[in-house]
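Spelled out from the first residue to the last, the chains are:
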Amino acid sequence: MQEDLDAPARKRSHNLAHDLVAKLTQSILLGHMLPGAKLPSENTIVQEHGVSRTVVREAISKLQASGLVETRHGIGTFVLERAPEQGLRLNVDTALGVRSILELRMGLETQAAALAAIRRSDQQLAQMREALDDYQRLLANNDSCVEADRRFHLLIAEATGNVCFTEIMQHLGSAMIPRTRVNAAERGAVDLSKLGELANLEHEAILNAIKRQDPDAARAAMWLHLTNSRDRFSPAGS
């Protein structure tokens, strides 16, 4: 009988640990905690996330098992450098390669946008807004807006609450921004700043749908954005 009473408590503890692992993993993958950085103390994590010491210890154990951190006895837990062989190996140095990446992203990010619309927090929405504000400012100054563009898409992946989305987007790296990967010979007379302006309008539609917490609209807006990006960068004759 007592075992049955204890089961719900164990389940809650497991779910809390899973959620904490997801939050800490995303923080590491998004670069909020860099390799070599020391994780906050156990007491700090308990206070910041409102969980028990048992949950924190279980989460840290899972992070260790995944190779993201290591605990040094008497010193603390530190973020590990990720081995360069980890991740995807994708050839994206040509316009054809860019199109292949965009086709992959169409399947991945449409679902991410829908989930983000449902699960995003107000803070995450504000960070997306900030990324697009940075994008627009850089575009207006004729500066590179690649970092802001990439950050916007990563924040959507993070807002899904599913670390798998974030990890795959991290693996793609700068390859997710097509105009950085097309060489001059393939690009021809295409004005990349004009493409940036078109992408900006599409980004705003995605953000507005996520803000309204409308998953169908978010999915459709992301699909349109990535489809248009694919068509804009399609090799001649394809």
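The name recorded for the chain in an unreviewed UniProt entry is DNA-binding transcriptional regulator, FadR family, from Pseudomonas mohnii.

Chemist: Tell me what's going on with the side chain of Arg120, and back it up with residues and numbers.
Modeler: Counting through the fold element by element, Arg120 comes out in the loop between helix H4 (95-119) and helix H5 (122-140). A polar side-chain atom of Arg120 sits 2.6 Å from the main-chain carbonyl oxygen of Lys211. Residues within four places of Arg120 in sequence aside, it is in contact with Leu125, Ala159, Ile210, Lys211 and Gln213.

Chemist: Could you give me a rundown of the pattern of salt bridges, with the residues and numbers involved?
Modeler: Side chains that carry opposite charge are capable of pairing whenever their charged atoms lie near each other. If you walk through the whole model with that rule in mind, you get 11 salt bridges. In this structure, the salt-bridge partner of Asp134 is Arg151, at a minimum N-O distance of 2.9 Å. Residue Asp134 is located in helix H5, and its partner Arg151 is located in helix H6 (residues 146-159); the two are separated by 17 residues in the primary sequence. In this structure Asp134 comes out as buried when scored by relative accessible area, which is 17%. Taking relative accessible area as the criterion, Arg151 reaches 23% and is therefore assigned partly exposed.

Chemist: Tell me about the nonpolar core, and please be specific about residues and values.
Modeler: Counting 31 residues, the largest nonpolar core has Met128, Phe152, Ile156, Ile206 and Ile210 as its most contacted members. Per-element accounting of this core gives the leading share, nine residues, to H4. Counting 17 residues, the second-largest nonpolar core is a separate cluster that includes Leu20, Val21, Ile28 and Val56.

Chemist: Can you break down the environment of Glu81 residue by residue, with the values?
Modeler: Counting through the fold element by element, Glu81 comes out in the loop between strand E2 (76-79) and H4. Using a relative accessible area of 64% as the deciding quantity, one classes Glu81 as exposed. Remark: the alpha-carbon pair of Glu81 and Leu68, spanning 13 residues in sequence, is separated by 7.8 Å.

Chemist: So what's going on with helix H10 (residues 215-232)? Which residues, and what values?
Modeler: Taking 1.5 Å of rise per residue, the 18 residues of H10 would be expected to cover 26 Å, and the 25 Å separating its terminal C-alpha atoms lies within 8% of that figure. Of all the positions in H10, only Ala218, Ala221, Met222, His225, Leu226, Thr227, Ser229 and Arg230 are classed as buried. In this structure Asp214 caps H10, since a side-chain oxygen of it lies 3.3 Å from the backbone nitrogen of Asp216.

Chemist: Give me the confidence of the model for the chain: which residues, what numbers.
Modeler: Looking at the chain, pLDDT values average 79 and 76% of them are 70 or higher. Confidence over residues 84-95 falls short of pLDDT 50; this stretch has 22 contacts with residues more than four positions distant or in other chains. Every residue in residues 180-191 scores below 50 in pLDDT, and together they form 18 contacts with partners more than four places removed in sequence or on other chains.

Chemist: If you had to explain unusual backbone geometry to someone new, which residues and values would you point to?
Modeler: A positive phi angle, close to 60°, is found at Asn142, a residue other than glycine. The topology assignment puts Asn142 in the loop between H5 and H6. You can call Asn142 exposed: its relative accessible area is 65%.

Cut-off values and rules
Residues numbered from 1 in each chain as written. Predicted model: local features only at pLDDT ≥ 70, side-chain atom pairs only at ≥ 80, totals over all residues. Heavy atoms only, no water. Helix = DSSP H or I, 4+ residues; strand = E, 2+ residues; numbered from the N terminus. Polar contact = N/O pair within 3.5 Å; in protein donor to acceptor, adjacent residues only side chain to side chain. Contact = heavy atoms within 4.5 Å. Salt bridge = Lys/Arg side-chain N within 4 Å of Asp/Glu carboxyl O. Buried < 20%, exposed > 50% of the residue type's maximum accessible area, 1.4 Å probe, protein only. Core = buried A, V, L, I, M, F, W, Y, C linked by side-chain atoms within 4.5 Å. Expected span 1.5 Å × (residues − 1). pLDDT = per-residue confidence, 0-100.

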